[in-house]
Amino acid sequence: MCGIVGILGAKPVALDLVDALRRLEYRGYDSAGVATVENGHLERRRAEGKLRNLETRLQSEPLAGHTGIGHTRWATHGKPTERNAHPHMSGRVSVVHNGIIENYRDLKAELQAKGHVFASDTDTEAVVHLITDEMDAGHGPVEAVRRSLKRLSGAFALGIIFAGHDDLMIAARQGSPLAIGHGKGEMYLGSDAIALAPFTSEITYLEEGDWAVLSRTKIEIFDRNGGAVQRPVTKSIASSLLVDKGNHRHFMAKEIHEQPEVISHTLSHYLDMGEGRVQFPELGIDLSAITRVSISACGTAYYAGLVAKYWIERLARIPVEIDVASEFRYREAPMSPGGLALFVSQSGETADTLATLRYAKANGQRIASVVNVRTSTIARESDAVLPTLAGPEIGVASTKAFTCQLAVLACLSIALGRASGHIDAAKERELVQALVELPRHISVLLRNEHKFEELAHALGKARDVIYLGRGISYPVALEGALKLKEISYIHAEGYAAGELKHGPIALIDENVPVVVVCPKDELFDKTVSNMQEVAARGGQIVMVSNADPDEAGCKVVSHIEMPDVHPFSAPLIYAVPMQLIAYHTAVLMGTDVDQPRNLAKSVTVE
Ligand code: F6R
């Protein structure tokens, strides 16, 4: 994830900006830069690679400004070169940015036609020129930003400074978090409170859609509709990376809300978003030679693998075998030499998954692992590591790690499809675009969280809840049921919708909520038939779909309205309501959401 910092200081800020950036190093980056307002002008220093390169640069060419922004960049649009490093600037405006500006191509074309000259390949630079254009038209900085924000689409966070304005910084949050730190006669901005810990512990978190006008002594915050709003000042305990919940009640809530950002970050590791191509890191495995894939994992990670089976078989026409690791390890599965064995694990330490990995290795398989902890045993024992860049996941119930696993597996599936010759460049661009749009859709969904609080009141009364899904939505239904049972302790089961009448339908009566995961895809009509079977027996249908509830042709007690997304990327976005249903039901039930009874985060025993 890119890191953003900003300081309106009482003395030169460049080295403090670098210090703050150092605290964001854990997010990963490939270049860095700072810009300050110096005698009314904008000046910047940038460097490829680690922060020490930027420091060396600042030693030979210091910056004296007391107002500045800094950034660590993880390349998304354009190579990790100095030219593409942030801050980006025109003569009037300098911007640091985290996330994706989805409509940057259109904006860039429009601004170039007006004579703006772009100096980088980034999406960020479109923001710089957009604001500059508004200022050239006579608007002041605040109005120019307000007008520009309305034109940006995507999930992002911004920090902005202006030539000639030494006591002004503007911040905007839409999908990627931002924290404002209050100092004595100083003001700070950071991607998270951890970056600001050396300066202050008084933090205001911007909420979704907020933008803020900062000076050394004052903050004005506006919501997405432009109305002035107050956000509380909280005391941060960010001295340890692992204990900061931000302004959320639980780590699980924080982690659910981090998804637009961490999915962007993960995707940016595997995609060239500008070109619309998968850009896989060197795996040391010839993807075009793979004739068989086996996947093994536990729990939520297993469900991520199950989604990947649908993707890989559909896109690459390669057969995929999948099993939970505790079964795989003992069933003496025959594995023909030359296969790819794929292991999915957040912790990278799960005992059963590790044992299966060793079995596959002993049986001549090439080993690739999708892990969140790069130093883990599973990562160390793999031939190729495909990291999820979800950041630390503290809540025991996996949320952001799951969607990031899906993001990696989606990219791998496209790469296998391309290597096997089953998808062409146009199809690849279509699928990549579907992934690039996801963070925005997820942040929109997260804005309507109150619907899930209402639904929780109904689910909280149930003894059993059934989840149904068909095709690629089947593993999503399984994950929904697992989430609910593990944190609310309500009994929940997921079934393939078509299996309903082979047994589970006996459970349905008017006391049983049935959550139906049914994006409007080619299997929608089939799932509708199953919904009608449920309704005929009095089951309480909760329809999670982008289709109109009238299309169900039966009584739907609750409709979770989903955005229209490409069927390929649907599992990533449909996972989010599964998490929110479970979270709000558990909060209502008063359970220990982050540390549910009997569960451990890392299962290192059999
Ligand atoms: C459920 C959950 C577990 C884990 C499983 C595997 O919310 O978190 O089911 O997915 O224990 O753990 P990892 O991914 O660390 O191998």
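Residues numbered from 1 in each chain as written. Predicted model: local features only at pLDDT ≥ 70, side-chain atom pairs only at ≥ 80, totals over all residues. Heavy atoms only, no water.

Let us now look at the nonpolar core. A general trend in soluble globular proteins is that nonpolar side chains are found buried together. Among the nonpolar cores identified, the biggest contains 100 residues, and Leu 435 and Tyr 467 are the most heavily contacted of them. Setting aside residues up to four positions removed in sequence, Tyr 467 forms contacts with Ala 477, Gly 480, Ala 481, Leu 484, Ala 492, Glu 493, Gly 494, Tyr 495, Val 515, Met 578 and Ile 581. If you look at the next biggest cluster of nonpolar residues, it comprises 27 residues, including Leu 107, Ile 170, Trp 211 and Phe 222. (Core = buried A, V, L, I, M, F, W, Y, C linked by side-chain atoms within 4.5 Å. Buried < 20%, exposed > 50% of the residue type's maximum accessible area, 1.4 Å probe, protein only. Contact = heavy atoms within 4.5 Å.)

Another point: helix H3 (residues 104-113). Turning to H3, its buried residues are Tyr 104, Leu 107, Lys 108 and Leu 111. In an axial view of H3, the angular spread of the buried residues amounts to 100 degrees, which keeps them on one side of the axis. The exposed set on the far side of H3, more than 90 degrees from its buried face, consists of Asp 106 and Ala 113. In this structure, the buried side of H3 is in contact with strand S6 (93-101), helix H4 (124-136) and helix H5 (141-151). At the C-terminal side of H3, Gly 115 shows a positive phi close to 105 degrees. (Helix = DSSP H or I, 4+ residues; strand = E, 2+ residues; numbered from the N terminus. Arc of directions from axis to C-beta.)

This next bit is on the site of the ligand. Taken together, 14 residues lie near the ligand, and Ser 345, Gln 346, Ser 347, Thr 350 and Glu 486 sit nearest. At 2.6 Å from an oxygen atom of the ligand is found a side-chain nitrogen or oxygen belonging to Ser 345. With respect to the ligand, the side chain of Thr 350 contributes an N or O atom lying 2.5 Å from an oxygen atom. Relative to its unbound accessible surface of 400 Å², the ligand loses 89% to contact with the protein. Contributing elements (two or more residues each) for the shell around the ligand: helix H9 (299-316) and helix H17 (473-488). Taken together, the residues of the shell around the ligand break down into five nonpolar, seven polar and two charged. Of the residues that make up the shell around the ligand, three or more belong to each of domain 2 (254-436) and domain 3 (444-589). (Near = heavy atom within 4 Å. Polar contact = N/O pair within 3.5 Å; in protein donor to acceptor, adjacent residues only side chain to side chain. Areas by Shrake-Rupley, 256 points an atom, 1.4 Å probe, with all protein chains shown as cover. Nonpolar A, V, L, I, M, F, W, Y, C, P; charged D, E, K, R; others polar. Domains from an automatic or database assignment.)

For the rest of this paragraph, the subject is the domain arrangement of the chain. Domain annotation for the chain reports domain 1 (3-246), domain 2 (254-436) and domain 3 (444-589). Contacts between domain 1 and domain 2 engage 21 residues on the former and 17 residues on the latter. Run the count over domain 1 and domain 2 and you get zero salt bridges. Where domain 1 touches domain 2, the interface holds two residue pairs in polar contact (both at pLDDT 80 or more). Elements that contribute at least two residues to the side of domain 1 that touches domain 2 include exactly S6 and H3. Of the residues contributing to the side of domain 1 that touches domain 2, the split by class is nine nonpolar, seven polar and five charged. (Salt bridge = Lys/Arg side-chain N within 4 Å of Asp/Glu carboxyl O.)

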